[in-house]
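Given next are the chains, with one letter for each unit.
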Amino acid sequence: MNKSVGAIVLAAGKGTRMYSDQPKVLRSILGEPMLGYVLDGLSGPFQDRVHVVVGFGAQSVMKAYPAYEGRFVLQEQQLGTGHALQCCWDAVKTAGYEHVLVVNGDVPLADGKDLEIFVEQALADAADLAFLTIQLDEAGSYGRIVRDAAGLARIVEAKDYDETSHGPVTGEINAGIYLLRVAAIDSVLFNLTNANRSGEFYITDLAELVGQNGGRVVAVNRGRDENLLGINNPRELVAAEESLRARIVDNLLETGVVVRQPGTVRVGPHAVIAPGAEICGPCDVLGQSSIGPRAVVEPHCWIKDSEVGAGAVIHAFSHLEKASVGPDCHAGPYARLRPGAVMMEGSRVGNFVEMKKSVLGPGAKASHLTYLGDAEIGAGANVGAGTITCNYDGTHKHKTTIGAGAFIGSNTALVAPVTVGEGALVAAGSVVTEDVPDHALAIARGRQVIKTRRKNPA
Ligand code: UD1
Ligand code: CA
């Protein structure tokens, strides 16, 4: 994209119709904030020429996208989309852009490539102001397109629309994506008024102002492209999510992934699932997750930012976050792999096993009811049912090391910091507080005593 074209994302609004304290642009679609989709779409063509207007919940929005530091503009009071543009106008002029693409932050499914094409067209057309429109059956609360006798298009907001003066509603609506020629907008931007039903400064009024000035206004109709619909309420949010979800699943099926119960499988836009893998719904595979070839994800799993290696099986009802499951491993049913859980090739964790910041060596097993936190378990070790690494002393976390081939008997508490050597055996029911040397046997529990009862029951 031509370097004289910048991009602005309007993301300062509260999103009143979402009834939430969270800024609307951070509401998620398949695990990613709406704003992330918009930024992803723009970052390719515009690189570091993307600026973001923030206001409501500015701190949390800025925190979510640290890479944009220095390119956020604060709109302290949200006085409307036109006012948002006014707030970043200095930044636009300082950067020396000749044109800017302005995109509403609540149009997450707009495709970056499509936006690029729109910009190219508008530039070729020598537009002073170009905007995208879509055709709907019902114009709803979107801004409606009105064309005068000469064909000049302007935008009238739903609240201000009046059939007597504006004519019958056509269903052509404003998508909230504009290409502006900076010099042409400069002379009218600060003439916007808030004399309308909302008392806001509307960016949409620029079409009329530019037209009145003899500028060239171009409305580009994209037909029924639902990807360009803005999201304003929960219904629109879940509809957009469902449409993207279905598209992603369809694409997986197309590329050779077996997706069972496809209507209940939610895969995020950044997740990568290899051909030949099998995903069974209902389940979620979100964030930067990757699922290798031949791997199977059984129903009711939730996987985020995790890696599942080739041929691994994630059994039903397992929960993975920032975990890495190596090739040919088995996890679950009901496994919980928390951040930093690493299962090396061929290792297994069974039901009700929780791992956090721990490495399970190749072929090692923890098959039942176990907590492994801050632990390193060597190759081929066997961790018995009910083993707990006591990693927290109330103030600090400590490490447990279990050597290769060690055998930890059931119901053992390993009080960290502690090391069990290679090939060592810890007897069931032990509370291990001291290191166990390689190949040793540790029994750390009271010895069983047998006594005669004082009084036998009658
Ligand atoms: C806007 C358009 C409408 C269009 C629709 C498309 C205006 C006046 N209307 O309406 O014609 O059909 O988008 O989806 O622009 N924002 C700010 N600062 C503000 C107000 C809003 O940054 O003071 C941001 C919001 O965060 C949002 C975007 O601008 O991302 C659009 O605002 P919103 O209030 O959703 O406008 P709509 O009523 O949907
Ligand atoms: Ca909107």
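Cut-offs used in this document
- Residues numbered from 1 in each chain as written.
- Chains lettered and ligands numbered in written order.
- Predicted model: local features only at pLDDT ≥ 70, side-chain atom pairs only at ≥ 80, totals over all residues.
- Heavy atoms only, no water.
- Helix = DSSP H or I, 4+ residues; strand = E, 2+ residues; numbered from the N terminus.
- Contact = heavy atoms within 4.5 Å.
- Areas by Shrake-Rupley, 256 points an atom, 1.4 Å probe, with all protein chains shown as cover.
- Lys, Arg positive; Asp, Glu negative; His and termini not counted.
- Charge placed at Lys NZ, Arg CZ, Asp CG, Glu CD.
- Domains from an automatic or database assignment.
- Donors = N, O, S within 2.8 Å, 3.2 Å for Na, K, Ca; no water.
- Buried < 20%, exposed > 50% of the residue type's maximum accessible area, 1.4 Å probe, protein only.
- Pairing = 2+ DSSP bridges.
- Phe/Tyr/Trp six-rings, centres within 6.5 Å; stacked < 30°, edge-to-face > 60°.
- Lys NZ or Arg CZ within 6 Å of the ring centre and 35° of its normal.
- Core = buried A, V, L, I, M, F, W, Y, C linked by side-chain atoms within 4.5 Å.
- Expected span 1.5 Å × (residues − 1).
- Arc of directions from axis to C-beta.
- Polar contact = N/O pair within 3.5 Å; in protein donor to acceptor, adjacent residues only side chain to side chain.
- Axes fitted to C-alpha atoms, helices over the stretch in contact; angles between N-to-C directions.
- Parallel < 35°, antiparallel > 145°, perpendicular 65-115°, else oblique.
- Left-handed = near helix turned anticlockwise from the far one by under 90°.
- Nonpolar A, V, L, I, M, F, W, Y, C, P; charged D, E, K, R; others polar.
- Salt bridge = Lys/Arg side-chain N within 4 Å of Asp/Glu carboxyl O.
- Disulfide = S-S within 2.5 Å.

Each helix and strand in the protein was counted, giving nine helices and 39 strands. Dimensions along the principal axes, computed over C-alpha positions, put the protein at roughly 105 × 55 × 45 Å. Put simply, 41% of the contacts in the protein that link residues at least 6 apart link residues at least 24 apart. Approximately 21,100 Å² of the protein is accessible, and the part contributed by carbon and sulfur atoms is 51%. Side chains of the protein carry 41 positive and 50 negative charges; the gap between the two charge centres is 11 Å.

Attention now moves to the domain arrangement of the protein. What the domain assignment lists for the protein is domain 1 (5–228) and domain 2 (357–458). Centre-to-centre separation of domain 1 and domain 2, based on C-alpha positions: 61 Å.

Within the first shell, the calcium ion (ligand 2) binds the protein through Asp106 (OD) and Asn232 (OD1), at distances of 2.2 to 2.3 Å. Of this pair, Asp106 sits in the loop between strand 6 (99–104) and helix 5 (112–124) while Asn232 sits in the loop between strand 11 (217–221) and helix 9 (234–254), placing them 126 residues apart in sequence. The pair formed by Asp106 and Asn232 is uniform in burial state, with each residue classed as buried.

With that settled, the discussion passes to the side chain of Ser306. Within the secondary structure layout, Ser306 lies in the loop between strand 19 (301–304) and strand 20 (307–308). Discounting chain neighbours no more than four positions away, the residues touching Ser306 are Gln288, Ser289, Ser290, Leu320, Glu321, Lys322 and Ala323.

Right, let's get into the pairing of strand 7 (residues 129–135). Along strand 7, six of the seven residues are buried, which leaves the element largely enclosed by surrounding structure. As paired strands, strand 7 and strand 11 are joined by five bridges and run parallel to one another. Note on strand 11: the bridge partner recorded for Ala130 is Val218.

The parallel open sheet is built from nine strands, whose spatial order is 14-17-20-23-26-28-30-33-36. Of all the strands in the sheet, just strand 14 (272–273) and strand 36 (418–420) have a single pairing partner and so form its edges. Sheet topology places strand 26 (residues 341–343) next to strand 28 (residues 358–360); three bridges connect them, and they run parallel. Bridging from a neighbouring strand, Met343 pairs with Leu360 of strand 28.

The full count for this structure, using the stated rule, is two aromatic pairs. For the pair Phe317 and Tyr334, a centre-to-centre distance of 4.9 Å together with 5° between the ring planes defines the contact as stacked. Highlighted residues: Phe317 in the loop between strand 21 (313–314) and strand 22 (319–321) and Tyr334 in the loop between strand 24 (330–331) and strand 25 (335–337), separated in sequence by 17 residues. The class for Tyr334 is partly exposed, based on a relative accessible area of 38%. Ring centres of Tyr334 and Phe352 lie 5.0 Å apart, and the angle between their planes is 15°; this geometry places the pair in the stacked category. Here the residue Tyr334 occupies a position in the loop between strand 24 and strand 25, and Phe352 occupies one in strand 27 (residues 348–356), the gap between them amounting to 18 residues. Counting every residue linked through ring pairs, the aromatic cluster contains Phe317, Tyr334 and Phe352. In this structure, Arg144 packs its charged tip against the face of Tyr161, placed 5.3 Å from the ring centre.

Right, let's talk about the nonpolar core for a bit. Counting residues in each nonpolar core, the largest one holds 62 residues, and the members touching the most others are Ile29, Ile273, Ile291, Ile314, Leu337, Val349 and Ile377. Ranked by residue count, the leading element in this core is helix 9, at six residues. Not counting the four nearest positions on each side in its chain, Val349 is found in contact with His330, Ala331, Gly332, Ala335, Leu337, Met343, Met355, Leu360 and Ala366.

Turning next to helix 5. The end-to-end C-alpha distance of helix 5 is 18 Å, a good match for the 18 Å that 13 residues give at a rise of 1.5 Å each. Burial in helix 5 covers these residues: Gly112, Leu115, Glu116, Phe118, Val119 and Ala122. Seen end-on, helix 5 carries its buried residues on one side only, within an arc spanning 160°. Opposite the buried face of helix 5, at more than 90 degrees from it, the exposed residues are Lys113 and Ala124. Elements that come into contact with the buried residues of helix 5 comprise strand 1 (5–11), helix 1 (34–46), strand 6, strand 7, strand 10 (172–181) and strand 11. A distance of 3.0 Å separates the backbone nitrogen of Lys113 from a side-chain oxygen at the start of helix 5, and that oxygen is part of Asp111. Two residues or fewer past helix 5, Ala126 is found with a positive phi of approximately 55°.

Time to look at the packing of helix 1 against helix 5. Between helix 1 and helix 5, the least distance of the axes is 8 Å, while the angle of their chain directions is 50°. Here helix 1 is positioned oblique relative to helix 5, judged by the angle of their axes. Judged by the sense of rotation from one axis to the other, the crossing of helix 1 with helix 5 is right-handed. On helix 5, the residues touching Gly41, Leu42, Pro45 and Phe46 of helix 1 are Gly112, Leu115, Glu116 and Val119. Here the contact of helix 1 with helix 5 is built from residues that sort into five nonpolar, two polar and one charged.

Let us now look at the pattern of salt bridges. Pairing between side chains of opposite charge can happen when their charged atoms approach one another. Applying the stated rule across the entire model yields 16 salt bridges. A salt bridge links Glu241 to Arg266; the nearest nitrogen and oxygen atoms lie 3.0 Å apart. Separated by 25 residues along the polypeptide, Glu241 in helix 9 and Arg266 in strand 13 (residues 265–267) bring together distant segments of the chain. Classification of Arg266 by relative accessible area gives partly exposed; the value is 25%. The structure contains a network of salt bridges with shared partners spanning Glu241, Arg266 and Asp284.

Cysteine pairs can be linked by a disulfide, which is a covalent bond between their two sulfur atoms. For the structure shown, the criterion picks out zero disulfides. Among the cysteines around Cys87, which has no disulfide bond, Cys88 carries the closest sulfur, lying 7.4 Å off. Of all cysteine sulfurs, the one in Cys301 lies closest to Cys283, which takes part in no disulfide; the gap is 6.7 Å. Taking relative accessible area as the criterion, Cys283 reaches 2% and is therefore assigned buried.

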